[in-house]
Each structure stands twice: as C-alpha cells, then as structure tokens.
Amino acid sequence: MLNKKFSPEKQSAFAARFEAQKIAFGPVVFQCVRYAWKRGMLQALADAGSEGISLENLVATEKWSRYALKLVLETCLSAGIVYLREGHYVLDKTGYCVLTDSITQININFTHDVCYQGLFQLEQSLDEEKPLGLANLGPWATIYEGLSTLPEPAKTSWFDFDHFYSDTSFPSIMPDVFATAPRRVMDIGANTGKFSYAALSYNQETELHLVDLPVQLKVAEENLNAQGLHERAHFHPTNLLDTTATLPENMDLIWMSQFLSCFSESAIFSILERAAKALVPNGQLLIMDTFWDRQQYDIASYCLINTSPYFTAMASGNSKIYESTDYIRLAEAAGLKLLTARDGIGYCHSLLRFAKVA
C-alpha cells in the first residue's frame, strides 16, 4: 500500500496555518507572479544582478506605474519570488525558476490559458462529472473534439504542455517498442502522430495503424504525409467512447501514450478489453503514462496530481492522472497480464508492458 506525505515531519501548527493561507490566496499570487514574468519585471530584476534595483529606478524606466510595481512586487515578495535588501528588489531563486525554467513556464501558461477560467466551474463539474468549464474555450462535449480549433493562446499552451511531457520520452523507448519485433503496430490515441512518426522512422519494416478522433487523425495524416511516411500508415477514425466501436485486429503490438488518463475507469476498461481482442495471440500492449505514484521526486507527483482537476473541469469531466495500480487492475480484468514496469523515462513517464492472456 502506498504511503505518501507532502508536508514536513513535525510541522508546527503555526507553520501549517501559514501554508493554509498560501492556499487561500493562491490564485491571487499566481496572477501577480505571472504578470511580473510576462510584463518584464522579473527580467528587469535579473538584469540588475545581485545588487537588485530600487523602486524609484524601476519607475524611471516608464515601463510600469508605481502602483503596479508596488502591488505586484509586494505579492512577489510574499511568495519568495523576490526579496528586499537595503531598499532594492532582488530576484530570488524561485523567481529565477519562473523566469528561466521551461517546465515552470509551460505549466503556468497551461494553467492560465487553458484551465484558469474553467476551474471556477470545478465544483459543479465534480458533482455532474462533466467538463463544465470547457464552455470558456468552446462548445465541445470534451476538449479532445476541439483541440485543433482551440482559440489562442489556449491551443499553443495545450500542445506545449502535452508535447513537453511526451516528446522527451519517445526517443528512449523505441527499443522497448520493437523488443518483440512487431510488424503491425497500433497507436491508440495517435494525436498529431508524433509517436507514429518516431516509430516509422526507427523501423523501416513496420506498419502503423493510427486510431483517434477524425479531427486529430487529419492532423496526424498531414504530418506523416509531409515526412514521406504516409504509405506505411493506416488511419482509423474512431470515437472510443462509443463502446460498440471496434479496433482493427491482428496487431502484434498496441501502443498507448498519455491516452487512458483522458477517460473514466469504466471507459478505460472498455478500451483495454477491445485492445486485448485486437491483439494476436501473445501480442503485447505497451502503456506509457505519467503515474503520480511512481515518481522519484515529490515535485513530479505534485505537478501530476494537480493536473487532474483540468481533466474534470476542462477535458472530460471524469478522468484524471491515475496511479499505476489502477491501470494494472483494469488491464488484468480486461484479459491482460503485466509483464514489466519501467520508470524514469523522460521527465516523469513509466512504461507498463502487458501480454494478452491466452
């Protein structure tokens, strides 16, 4: 049984109360820190170096009003983004992360551009298990139906977030994918075709069967065609929420990456059951995903756990970032057996290898 604790051992009641206030004012701090980053305040402090810069000198640049500077920098001070020394504002270590760390910036953009307004409907979304916050972005039943037509900057921020976590993993897992020399590979949840492109480029003998919603497969087809890999790619537009929708059969290997987290447990079971039927005898299913219970560092678990409310309010209403044991339990019920589990792929991925039970 997993034991996990994010708070420090023997935390005092006073310290716990301070942490509680950080939660209470979290949205306020988020917006002020984002403003300081986007509007160049943090960069100005970085340019000033370890000596920092006074409020008067910042005002003299005429980039910000005195009011805006005092309000935003004081919030940044309270959040440990900056500190005051002899009347000068100096960029602190956390501020440097906001200013320079790509994963921090991608997470901020995703939270603000995709999730922020919609999370106001989180309570009702949880009650009804519908993504009621999605109406802030478009008229779709799920976000996946509208990914290619999301308004900017939400579209860019969504794909930056999705690709940042997956792209670092694809190069290192190709030996795992082709360990059993599969000739017919199915990519379920193909999205824009990035995995399929990597697999087709890595192995010249394999053929890829891409499964996703029609709007996503159109983008994937265009991308693979542009790379000259279209002849070995086959496209199967499918809405897997339709439990009567079947999958192409006689597959040596089925691949799913950051896909099942888009669905409820009942839908995951249905998809896995149909995937098992699509495999040849002794065929294998590989699932690569971001499981919060298999992370080495708390920072990764924290980011993953707090991605789950996006799935509720914005994506599907009933999905989340799961524990690996959830997938294993559902896969075994669907007629699959866990063979191996490999962690430490890319930033925070694990790879579960299942075989079809004879």
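Keep in mind the model is a prediction, meaning the values are calculated, not measured.

Novice: Looking at this structure, how should I read the overall build of the protein chain?
Specialist: Regarding its fold elements, the protein chain presents 16 helices and ten strands. When the backbone C-alpha atoms are referred to their principal axes, the protein chain occupies close to 70 × 50 × 40 Å. Partitioning the intrachain contacts of the protein chain with sequence separation of at least 6 by distance along the chain shows that 69% fall at a separation of at least 24. Accessible area of the protein chain: about 18000 Å², with a carbon and sulfur share of 54%. Averaging the coordinates of the 29 positive side-chain charges in the protein chain and doing the same for the 40 negative ones gives two points 3 Å apart.

Novice: Where do I start with the UniProt feature "domain: O-methyltransferase C-terminal" (unreviewed entry) in the protein chain in this structure?
Specialist: With numbering matched to this structure, UniProt assigns "domain: O-methyltransferase C-terminal" (unreviewed entry) to residues 183–336. The straight-line gap between the two end C-alpha atoms of residues 183–336 is 20 Å; of that span, 40% is helix and 23% is strand.

Novice: What exactly am I supposed to notice about helix α5 (residues 66–78) here?
Specialist: Each α-helix winds once per 3.6 residues, and so residues spaced three or four apart point in a common direction. Here α5 is 13 residues long and its end C-alpha atoms lie 18 Å apart, about the 18 Å a rise of 1.5 Å per residue gives. Listed as buried for α5 are A68, L69, V72, L73, T75 and C76. Down the axis, α5 shows its buried residues gathered within 155° of arc, on one side only. Opposite the buried face of α5, at more than 90 degrees from it, the exposed residues are Y67 and S78. Structurally, α5 contributes buried residues whose contacts are with α2 (26–38), α3 (41–48), α4 (55–60), β2 (82–85) and β3 (88–91). Within two residues after α5, G80 carries a phi angle of roughly 75°, on the positive side.

Novice: Could you clarify how one ought to interpret the sheet that holds strand β1 (residues 53–54) in this entry?
Specialist: Strands belonging to one sheet form pairs held by backbone hydrogen bonds; the direction of such a pair is parallel or antiparallel. The antiparallel open sheet is built from three strands, whose spatial order is β1-β3-β2. In the strand order of this sheet, the two ends are held by β1 and β2, each with one partner. For β1 and β3, the ladder comprises two bridges, and the chain directions are antiparallel. Within the sheet, the bridge partner assigned to I53 lies in β3 and is Y89.

Novice: Please clarify how the UniProt feature "domain: BVU-1015-like N-terminal dimerisation-like" (unreviewed entry) in the protein chain should be interpreted in this entry.
Specialist: According to UniProt, the feature "domain: BVU-1015-like N-terminal dimerisation-like" (unreviewed entry) maps to residues 20–89 in the numbering used here. End-to-end, the C-alpha atoms of residues 20–89 are 26 Å apart, and along that stretch the chain is 64% helix and 11% strand.

Novice: Could you clarify how one ought to interpret helix α10 (residues 170–177) in this entry?
Specialist: Looking at α10, one finds that the buried residues are F170, I173, M174, D176 and V177. Projected onto a plane normal to the axis of α10, the buried residues spread over an arc of 160° and lie on a single side.

Novice: Looking at this structure, how should I read the pairing of strand β10 (residues 349–356)?
Specialist: It is a general feature of regular strands that their side chains alternate between the two faces of the sheet. A large share of β10 lies buried, amounting to seven of its eight residues. Bridging between strand β8 (residues 279–289) and β10 involves six bridges; their strand directions are antiparallel. Residue pairing for β10: Q284 is matched across the bridge by A355. Examined bridge by bridge, strand β9 (residues 336–345) and β10 share seven bridges and lie antiparallel to one another.

Novice: Just to check I follow, could you spell out the pairing of strand β6 (residues 233–237) for this structure?
Specialist: Two elements, strand β5 (residues 207–212) and β6, share five bridges in a ladder whose sense is parallel. Pairing of H209 across the sheet is with H234, part of β6. The handedness of the β5 to β6 crossover, carried by helix α12 (residues 214–226), is right-handed.

Novice: Is there a simple way to explain the state of the cysteines in this structure?
Specialist: Where two cysteines share a covalent bond between their sulfur atoms, that bond is called a disulfide. By the definition in use, this model includes zero disulfides. Free cysteine: C32, not disulfide-bonded; nearest cysteine sulfur from C76 at 6.8 Å. Looking at the unpaired C348, the closest cysteine sulfur is the one in C303, lying at 8.1 Å. Note on C348: relative accessible area 6%, which makes it buried.

Novice: I tried to follow the environment of K10 on my own but got confused; where do I start?
Specialist: Along the chain, the position of K10 falls in the segment before α1 (13–24). Residue classification places K10 among the exposed positions, given a relative accessible area of 84%. In this structure the C-alpha to C-alpha distance between K10 and L77, which are 67 residues apart in sequence, comes to 26 Å.

Novice: Looking at this structure, I do not really get the packing of aromatic side chains. What am I missing?
Specialist: Pairs of aromatic rings are described using the distance from one ring centre to the other and the angle between the two planes. For the structure on display, the rule yields eleven aromatic pairs. Ring geometry for F110 against F161: centres 3.8 Å apart, planes inclined by 10°, an arrangement best described as stacked. Taken together, the positions of F110 in helix α7 (residues 102–115) and F161 in helix α9 (residues 154–167) put the pair 51 residues apart, joining distant regions of the chain. Of the two residues, F110 and F161, both sit in the buried class.

Rules and cut-offs
Note that residues are indexed from 1 along each chain, following the sequence as it is written. In view of the model being predicted, local features appear only for residues whose pLDDT reaches at least 70, and side-chain atom pairs are presented and counted only at 80 or more, with totals across whole chains, interfaces and linings using the full set of residues. Hydrogens are left out, water is left out, and the side-chain values use all remaining heavy atoms of the structure. Only DSSP runs of H or I reaching four residues or more are called helices, and only runs of E reaching two or more are called strands; each is numbered from the N terminus. Residues are treated as being in contact if the distance between any of their heavy atoms lies within 4.5 Å. Surface exposure here means Shrake-Rupley accessible area, sampled with a 1.4 Å probe, where a residue is shielded only by the protein chains that are shown. When charges are counted, Lys and Arg are positive and Asp and Glu negative, with His and the chain ends excluded. A charge is said to be at NZ when it belongs to Lys, at CZ for Arg, at CG for Asp and at CD for Glu. UniProt positions are given in the numbering used here, feature names are shortened, and annotations may be inferred rather than shown by experiment. Multiplying 1.5 Å by the helix residue count minus one yields the expected span of that helix. Relative accessibility under 20% of the residue-type maximum defines a buried residue, over 50% an exposed one, and the middle range a partly exposed one, all with a 1.4 Å probe and only protein chains included. Starting at the helix axis, one direction is taken to each C-beta atom, and the arc is that of these directions. Only strands that DSSP links by at least two bridges are regarded as paired with each other. Classification remark: right-handed applies to a crossover when, strands pointing away from the viewer, the course from the first strand over the helix to the second runs clockwise. Defined by distance alone, a disulfide is two cysteine sulfur atoms within 2.5 Å. Ring pairs shown here join Phe, Tyr and Trp side chains whose ring centres sit within 6.5 Å, with only the six-membered ring taken for Trp; geometry is labelled stacked below 30 degrees between planes, edge-to-face above 60, and tilted in between.

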